[in-house]
Amino acid sequence: MARTVAERSDVLPLLAEVFREHGYEGASLSLISKATGLGKGSLYHFFPGGKEEMAVAVLAEIDGWFEANVFRPLRETNDPRAAVATMFATTAEYFRSGRRVCLVGALSLSDARDRFAGRLRDYFARWVEALTAALARAGHGPEAAGAIAEEAVGGIQGAVVLARALDRPDVFEQILTGLRARCLGTA
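Rules used in this analysis
- The residue count restarts for each chain, going from 1 along the sequence in the order it is written.
- Whole-chain, interface and lining totals are the exception, using all residues; otherwise, since this is a predicted model, local features are given only for residues with pLDDT of at least 70 and side-chain atom pairs are given and counted only at 80 or more.
- The basis for every side-chain value is the complete set of non-hydrogen atoms in the structure, without hydrogens or water.
- A run of DSSP states H or I qualifies as a helix once it reaches four residues; a run of E qualifies as a strand once it reaches two. Both are numbered from the N-terminal end.
- Exposure classes here rest on a 1.4 Å probe applied to the protein chains alone. A residue is buried below 20% of its type maximum, exposed above 50%, and partly exposed in between.
- For this analysis, residues touch if any pair of their heavy atoms sits within 4.5 Å.
- Surface accessibility follows the Shrake-Rupley procedure with a 1.4 Å probe radius. Residue values consider only the protein chains on display as shielding.
- A positive count includes Lys and Arg, and a negative count includes Asp and Glu. His and the chain ends are not counted in either.
- Lysine's charge is taken at NZ, arginine's at CZ, aspartate's at CG and glutamate's at CD.
- A pair is scored as a salt bridge if a Lys or Arg side-chain nitrogen falls within 4 Å of a carboxyl oxygen belonging to Asp or Glu.
- In these notes, a set of buried Ala, Val, Leu, Ile, Met, Phe, Trp, Tyr and Cys residues joined through side-chain atoms within 4.5 Å is what counts as a nonpolar core.
- Any pair of Phe, Tyr and Trp rings, taking the six-membered ring for Trp, is counted once the centres come within 6.5 Å. Such a pair is stacked with planes under 30 degrees apart, edge-to-face with planes over 60 apart, and tilted for the rest.
- UniProt positions are given in the numbering used here, feature names are shortened, and annotations may be inferred rather than shown by experiment.
- Where helices are involved, their axes are fitted lines through C-alpha atoms of the stretch in contact, as for all axes, and angles between N-to-C directions lie from 0 to 180°.
- For classification, angles of less than 35 degrees are called roughly parallel, those exceeding 145 degrees roughly antiparallel, those between 65 and 115 degrees roughly perpendicular, and all remaining angles oblique.
- Any residue outside Ala, Val, Leu, Ile, Met, Phe, Trp, Tyr, Cys, Pro, Asp, Glu, Lys and Arg is labelled polar, Gly included; the first ten of those are nonpolar and the last four are charged.

Draft legend 1. Seen up close, the overall build of the protein chain. Helix and strand counts for the protein chain stand at nine helices and zero strands. When the helices and strands of the protein chain are read in sequence order from the N terminus, they spell out α-α-α-α-α-α-α-α-α. Reported as C-alpha extents along the three principal axes, the dimensions of the protein chain are approximately 55 × 35 × 30 Å. In the protein chain, buried positions account for 45% of the 187 residues. Taking all contacts inside the protein chain whose residues are at least 6 apart in sequence as the whole, residues at least 24 apart take part in 66%. When the accessible area of the protein chain is evaluated, it comes to approximately 9,300 Å², of which 52% is carbon and sulfur surface. Distance from the positive charge centre (22 side chains) to the negative charge centre (23 side chains) of the protein chain: 3 Å.

Right, here's the structure in full:
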């Protein structure tokens, strides 16, 4: 039985989980309908552009969350070391210590990459840029800050994959601990 959803935004977390679980290509309208409890007519009411519009909306939601909770604090906080430490805590919570797939990363590796290339590239570029700026303000030289930021963002993404593949959340935490130490100069 279809349910009533008051706002388009109400369905975005459910859509995100469908895309995380099945990938863009595997997320059929039937699976999406089942997961959201919405009939195809309701889905098209909220997303006239179909599955692609759904994915774009989910990516925008994720981007907005990371902008507010990770990127902006890295750019604007007066204490860059605290902002970097908070970034690691926030991302660990967001990725549920490696138990939650990074949808942006998963789309980047899938056949859907070209369809969303600009959005995917922008997300990762802004993360690296924000972290680079914070690391530079924390005392790393500009070149070192950029290299460490790329290593950290790549390491976080790799930690999600490895922890899920091994079904070992402790691996995610270990990797993040090492990356945090490297970023904060305590390694």
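Once the structure has been displayed, the description carries forward.
Draft legend 2. Up close: the pattern of salt bridges. Evaluated as defined, the whole model comprises 11 salt bridges. Between arginine 126 and aspartate 63 there is a salt bridge, with the nearest N and O atoms lying 2.0 Å from each other. Taken together, the residues span a long stretch of sequence, with arginine 126 in helix α7 (residues 117–137) and aspartate 63 in helix α4 (residues 50–76) at a distance of 63 residues. Overall, arginine 126 belongs to the buried group, its relative accessible area being 17%. For aspartate 63, a relative accessible area of 22% gives the class partly exposed. Residues joined in a network through salt bridges with shared partners are Asp63, Glu67, Arg75, Asp122 and Arg126.

Draft legend 3. Up close: the nonpolar core. In terms of nonpolar packing, the biggest core is built from 59 residues, with Phe19, Leu74 and Trp127 touching the most fellow members. In terms of residue count, the dominant contributor to this core is α4 (10 residues). Those residues in contact with tryptophan 127, other than ones at most four positions away along the chain, are Phe66, Val70, Phe71, Leu74, Met87, Thr91, Phe95, Val153, Ile156 and Gln157.

Draft legend 4. Spotlight on the packing of aromatic side chains. Following the criterion strictly, the structure yields 14 aromatic pairs and no others. When the ring of tryptophan 65 is compared with that of phenylalanine 66, the centres are 5.0 Å apart and the planes differ by 70 degrees; the resulting orientation is edge-to-face. Exposure remark for tryptophan 65: the relative accessible area of 30% places this residue in the partly exposed category. Aromatic side chains phenylalanine 66 and tyrosine 123 sit 5.3 Å apart centroid to centroid with 75 degrees between the ring planes, which places their arrangement in the edge-to-face category. Highlighted residues: phenylalanine 66 in helix α4 and tyrosine 123 in helix α7, separated in sequence by 57 residues.

Draft legend 5. Inspection of the UniProt feature "DNA-binding region" (unreviewed entry) in the protein chain at higher detail. The sites that UniProt annotates as "DNA-binding region" (unreviewed entry) are residues 28–47. End-to-end, the C-alpha atoms of residues 28–47 are 14 Å apart, and along that stretch the chain is 75% helix and 0% strand.

Draft legend 6. Fine view of the packing of α4 against α7. The interhelical angle for the contact between α4 and α7, taken along N-to-C directions, is 5 degrees, at an axis separation of 10 Å. Relative to α7, α4 is oriented roughly parallel. For the pair α4 and α7, the contacting residues are Val56, Leu59, Ile62, Asp63, Phe66, Glu67, Val70, Phe71, Leu74 and Arg75 in the first and Arg119, Leu120, Tyr123, Arg126, Trp127, Ala130, Leu131, Ala134 and Arg137 in the second. A per-class count over the contact of α4 with α7 returns 13 nonpolar, no polar and six charged.

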